[in-house]
Amino acid sequence: VIDPIFLAEAAVNGILLGGILALLALGLNLIFGVIDVVWIVYVDLVMLCMYAIYFLYQVHGWPFWAAAVVSLGLGAILGVAVHLLVISPILASPPINQLLATGGLLFFLQSFATFLWTTDHRSVRFSLPSFEVGGIFLPATRLIPFGISILAMLALYLFLTRTYMGTAIRAVAQDRDAMSLMGANPQRVYVVTSAVGGLMAGLAGALLVFQYAVHPFFGGQFGPLTFMICVLGGLGNMVGAFVASFLMSEIISIAGVIWSTEMGYVIAFAVFIVMMFLRPGGILAKRE
Amino acid sequence: MRTMPSHAGGVAAAALGVLLLAAPLVLTGGWGQYALHVLIQMFIWSFIGQAWSLMGRFGLVSLGHGAFLGLGAYTVALLWNFFGLTPWIGAVVSVVATGLFAAVIAYPCSRFRLVGHYFTLMTLAVGEVIRLLIIAERDWTGGSLGLTLKTAGAHSLWAIQFADRRVFYYGALVLWMAGLWVWWRLDRSMARSAMEAIGEDETAAASVGIHVTRFKIGITVLSAALTALGGVAYAQYITYVNPETLSGIGVSLRIVFAVVLGGMYALLGPTVGTALTIALSESLRVAFGLKFIGMAETIYGLLLVLFIIFLPAGIYGSLARLFLRRHAGVPA
């Protein structure tokens, strides 16, 4: 029998992990919803940003905030580069070609990272305190990223609802053809969306280094999970992705404590598969 | 148009056939053995690519064929290692089991109308579940370390283990040709028209009396069963199975890459794409050796992106279209 305190701790860790997963899922879902292309390579961009932080902060001794700013900028640049160099030329191609082009990019980035930095796991060390609340340990390395992640998602929400560009992005997500008919330029919206999505990848990278070591295959650890969260929440549905992140992270965290990490993922993916059949439009969608 | 201009095509096919049959007689010595090894891999992976394209050409884009491959390979390997069951029977068991598994997945997909991105991501999840289960059940499967088949001497027909590569070469050749035959039969059947109609518009297909669910499940089971057979062949040849090389997103993507690169609507498309990707990765590996680890794969990834951007119809598809337009004057 498992001590309930472990389960409680797992549940709390699940919430803290969910915050970061939600950030990843929202970034990917934004691109998904607006450009309608699956960026299989998304979490590999996060991986590059994590390397940037590792080298600037850990190796070259930059202050962390400066390294994080570079990570954000790098993410945005990578996002725009992926769109302009890979997605833009094949926007009219069948979806499978778009998927595979970003898949090829995934092979490229993983192998290039292996070539440059070998397969060593590199972690950034922080000396931050831990708090104890009712027998549950809450390390600051988890609390701080969670808090920043929630703030960032709030900022994204305000950007999408309160600014002109944000409104344009939501309009394209709703009806791409109608936007062209209104004389709007979708290409500009796509570039901005890719930049914002990349920016969020950069931020997620800056938050993930608090808990995870970076290595060339980091994308495989979170990539599939991030897609599934997006689909579970409903493609393009931001609130759904947010809720789905916490659902998945709780399953992974609690099942991980009861059985093993792999079984945690297996159960989470199985839940995803079943939910796909029951609610193909996402967990928050109304039944047809 | 799928028929080649018959005369020239027949001569070319006969010449290729003689060449493939005679290859093991010519390819001897160290490099010859290596060439045979590469050819065997090309046949097996082309067969798997053909199996994938049976679904892919009708818009059922699966990123979960690693699941079927892994199930096939691990079933036969585990039955042999733990129960001493001959792979001849093990292969039948694993193909049937994988077919059933595919039916269990395909039924709700069809029933609940899971198509497009949703179908693709669902299959991706299935592939990951199988990979993680193989890793989680490490007591039997060896986890991420993989599993080596128990040896049964240098030559054993009972265990399908042969030290002589030529046996595997002819076996793989037969497998590949059987795959071509299945593809060709399907291409000429009523099922193809039905599946094409379903791929275009399910509701319209159903309204003219096509049994959508039955066809979709049928094609998925066929594709999965053949993929499992390919997994069995690969496991028997390499005598080692590993969750990363036989299941999960990595291998699934590689299969799809090869097929799309070659062209999934043509008989020889999957073969051309597979042969090309294997030749590419092997020659890069030979060129770089152990000097620049990761460099070969880096170039491989970059070329894949470039191919997909600049040759969207696939290499064989684009060439065949060009050829047909010039010779027969038929717009492809």
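Along each chain, numbering runs from 1 in the same order as the chain's sequence is written. Chain letters and ligand numbers both follow the written order, the letters beginning at A and the numbers at 1. At least 70 in pLDDT is required for a residue's local features to be given in this predicted model, at least 80 for side-chain atom pairs to be given and counted, and no such filter applies to totals for whole chains, interfaces and linings, which use all residues. With hydrogens and water excluded, all non-hydrogen atoms of the structure serve as input to the side-chain values.

Caption draft 1: The arrangement of the pairing of strand β2 (residues 136-139) of chain A in detail. The alternating pattern of β2 of chain A places Ile136 and Leu138 of chain A on a buried face, while none of Phe137 and Pro139 of chain A, on the opposite face, is buried. DSSP calls a pair of strands paired once it identifies at least 2 bridges connecting them. Secondary structure elements are taken from DSSP: a helix is a run of H or I of four residues or more, a strand is a run of E of two residues or more, and numbering for both begins at the N terminus. Linkage of strand β1 (residues 130-133) of chain A to β2 of chain A, two consecutive antiparallel strands, is achieved through a turn of two residues, within which Gly134 of chain A is found at a positive phi near 55 degrees. Only protein chains enter the accessibility calculation, which uses a 1.4 Å probe; a residue is then buried when its area is under 20% of its type maximum, exposed when over 50%, and partly exposed in between.

Caption draft 2: Molecular detail of the interface of chain B and chain A. Note on contacts: a residue pair is in contact if any heavy atoms of the two residues lie within 4.5 Å. Opposite the 43 residues of chain B that make contact, chain A presents 40 residues. What gets called buried area is simply the loss in accessible area from a 1.4 Å probe that two parts show on being joined, summed for both. In total, about 3,700 Å² of surface goes out of reach between chain B and chain A, with carbon and sulfur atoms giving 84% of it. Interface area lost by chain B to chain A is led by His117, Tyr118 and Leu121 of chain B, which between them contribute 17%. The partner of Glu262 of chain A in a salt bridge is Arg138 of chain B, with the nearest N and O atoms 3.1 Å apart. Any N or O atom pair separated by 3.5 Å or less is treated as a polar contact, with the protein-specific requirement of one donor-capable and one acceptor-capable atom, and with residues adjacent in sequence counted only for side-chain atom pairs. Counting across the chain B and chain A interface gives three residue pairs in polar contact (both at pLDDT 80 or more). Secondary-structure elements contributing two or more residues to the side of chain B that touches chain A are α4 (87-111), α5 (116-136), α12 (249-262) and α14 (295-310) of chain B. The element best represented in the side of chain B that touches chain A is α5 of chain B, accounting for 14 residues. By salt bridge we mean one thing: a side-chain nitrogen of Lys or Arg within 4 Å of a carboxyl oxygen of Asp or Glu.

Caption draft 3: The arrangement of the nonpolar core in detail. The criterion is simple. A nonpolar core is a set of buried Ala, Val, Leu, Ile, Met, Phe, Trp, Tyr and Cys residues joined through side-chain atoms within 4.5 Å. Core analysis: the largest hydrophobic core is formed by 181 residues, its most contacted members being Trp39, Tyr42, Phe222, Leu225 and Phe272 of chain A together with Met122 of chain B. When sequence neighbours within four positions are dropped, the list of residues in contact with Phe272 of chain A reads Met228, Val231, Leu232 and Met248 of chain A together with Leu121, Met122 and Ala125 of chain B.

Caption draft 4: Looking closely at the pattern of salt bridges. All names here are of chain B. Following the criterion strictly, the structure yields 11 salt bridges over all chains and no others. With a shortest N-O distance of 2.9 Å, Asp187 and Arg57 are connected by a salt bridge. Within this pair, whereas Asp187 is found in helix α7 (residues 165-188), its partner Arg57 is found in the loop between α2 (29-56) and α3 (65-83), the two being separated by 130 residues in sequence. Accessibility classification places Asp187 together with Arg57 in one group, the buried group. Between Arg285 and Glu282 there is a salt bridge, with the nearest N and O atoms lying 3.0 Å from each other. On the criterion of helical spacing, the pair formed by Arg285 and Glu282 is a turn pair, its members being three residues apart in helix α13 (residues 269-288).

Caption draft 5: Structural view of the packing of aromatic side chains. Here the aromatic set is Phe, Tyr and Trp, taking the six-membered ring for Trp, and pairing holds for ring centres within 6.5 Å; pairs whose planes are under 30 degrees apart are stacked, those over 60 apart are edge-to-face, and all others are tilted. According to the stated counting rule, one finds 27 aromatic pairs over all chains in the structure shown. Summarising the aromatic geometry, the rings of Phe168 of chain B and Tyr237 of chain B are spaced 5.2 Å apart at their centres and angled 65 degrees between planes, so their arrangement reads as edge-to-face. Of this pair, Phe168 of chain B sits in helix α7 while Tyr237 of chain B sits in helix α10 (residues 212-238); the two residues are 69 residues apart in sequence, bridging distant segments of the chain. You'll find Phe168 of chain B and Tyr237 of chain B in the same group, each marked buried. Each residue in the set Tyr51, Tyr54, Phe55 and Trp117 of chain A is aromatic and connected to the rest through ring pairs, giving one cluster. Here, a charge over a ring means that NZ of Lys or CZ of Arg falls within 6 Å of the ring centre while also lying within 35 degrees of the ring normal. Between Arg57 of chain B and the ring centre of Trp183 of chain B, over which it is positioned, the NZ or CZ distance is 4.5 Å. Seen from the ring of Phe112 of chain B, Arg111 of chain B lies directly overhead, with NZ or CZ sitting 5.4 Å from the centre.

Caption draft 6: Inspection of the side chain of Ser245 of chain A at higher detail. Residue and element names in this part refer to chain A. Here Ser245 shows up in helix α10 (residues 238-258). At 3.4 Å, the side chain of Ser245 and the backbone nitrogen of Ala22 are in polar contact. Setting aside chain neighbours within four positions, we find Ser245 in contact with Gly18, Leu21, Ala22, Ala25 and Ile229.

Caption draft 7: Region of the structure containing helix α9 (residues 218-233) of chain A. All names here are of chain A. Helices are assigned an expected span. That span is 1.5 Å times one less than the residue count. Here α9 is 16 residues long and its end C-alpha atoms lie 23 Å apart, about the 22 Å a rise of 1.5 Å per residue gives. Within α9, 14 of the 16 residues are buried, which leaves the element mostly enclosed by the surrounding structure. A positive backbone phi angle near 100 degrees is found at Gly234, which sits one or two residues after α9.

Caption draft 8: Seen up close, the confidence of the model for chain B. Residue and element names in this part refer to chain B. For every residue, the predictor states its confidence as a pLDDT score lying anywhere from 0 to 100. Taken residue by residue, chain B gives an average pLDDT of 87. The fraction at 70 or more is 96%. When pLDDT is averaged over each helix and strand of chain B, the minimum, 72, is found for helix α15 (residues 315-328) and the maximum, 95, for α3. In the predicted complex, the global pTM is 0.87; the interface-specific ipTM is 0.84.

Caption draft 9: Structural detail: the packing of α4 of chain B against α10 of chain B. All names here are of chain B. Fitting a line to C-alpha atoms yields each axis, with helices limited to the stretch in contact; the angle taken between N-to-C directions then spans 0 to 180 degrees. For the pair α4 and α10, interaxial distance at closest approach is 7 Å and the crossing angle is 145 degrees. Crossing handedness for the pair α4 and α10: right-handed. Of the residues in α10, those in contact with Pro87, Ala91, Ser94, Val95, Thr98, Gly99, Ala102, Ala103, Ala106, Tyr107 and Ser110 of α4 are Val212, Thr213, Lys216, Ile217, Thr220, Val221, Ala224, Ala225, Ala228, Leu229, Val232 and Gln236. Considered class by class, the residues forming the contact of α4 with α10 number 15 nonpolar, seven polar and one charged. Left-handed describes a crossing whose near helix is turned anticlockwise from the far helix through less than a right angle; right-handed describes the clockwise counterpart. Only Asp, Glu, Lys and Arg are considered charged in this grouping, and only Ala, Val, Leu, Ile, Met, Phe, Trp, Tyr, Cys and Pro are considered nonpolar; every other residue, Gly among them, is considered polar.

Caption draft 10: Expanded view of helix α11 (residues 261-278) of chain A. The first and last C-alpha atoms of α11 of chain A sit 26 Å apart over 18 residues, in line with the 26 Å expected at 1.5 Å per residue. By the burial criterion, the buried members of α11 of chain A are Glu262, Gly264, Tyr265, Val266, Ala268, Phe269, Phe272, Ile273, Met275, Met276 and Phe277 of chain A. In the core, the buried residues of α11 of chain A are packed alongside α9 and α10 of chain A together with α4, α5 and α6 (138-141) of chain B.

Caption draft 11: Broad picture of the pairing of β1 of chain A. The pairing of β1 of chain A with β2 of chain A spans four bridges and is classified as antiparallel. Across the sheet, residue Phe131 of chain A finds its bridge partner in β2 of chain A, namely Leu138 of chain A.

Caption draft 12: Representation of the environment of Phe83 of chain B. Residue and element names in this part refer to chain B. Residue position: Phe83 is located in helix α3. According to the relative accessible area criterion, Phe83 is exposed, its value standing at 66%. Between the alpha carbons of Phe83 and Leu322 there is a distance of 54 Å; along the sequence they are 239 residues apart.

Caption draft 13: Local environment of unusual backbone geometry. Positive phi values are uncommon outside glycine, yet Thr118 of chain A reaches one of about 60 degrees. Residue placement: Thr118 of chain A occurs in the loop between α4 (95-117) and β1. Judged by its relative accessible area of 38%, Thr118 of chain A is partly exposed. In this model, Ile160 of chain B sits at a positive phi of 50 degrees, which is unusual for a non-glycine residue. Turning to its location among the elements, Ile160 of chain B is positioned in the loop between β2 (155-156) and β3 (161-162).

Caption draft 14: Spotlight on the state of the cysteines. Working definition: a disulfide is two cysteine sulfur atoms within 2.5 Å of each other. Taken as a whole, this structure holds zero disulfides over all chains when the rule is applied. Free of any disulfide, Cys49 of chain A has its nearest cysteine sulfur in Cys230 of chain A, 17 Å distant. Cysteine Cys109 of chain B remains unbridged, with the sulfur of Cys230 of chain A as its closest cysteine sulfur at 19 Å.

Caption draft 15: Up close: the environment of Leu71 of chain B. Residues and elements named next belong to chain B. Tracing the backbone shows Leu71 in helix α3. Taking C-alpha positions, Leu71 is 26 Å from Glu297, a pair spaced 226 residues apart along the chain. Not counting residues up to four positions away in its chain, the partners in contact with Leu71 are Thr98, Phe101 and Ile130.

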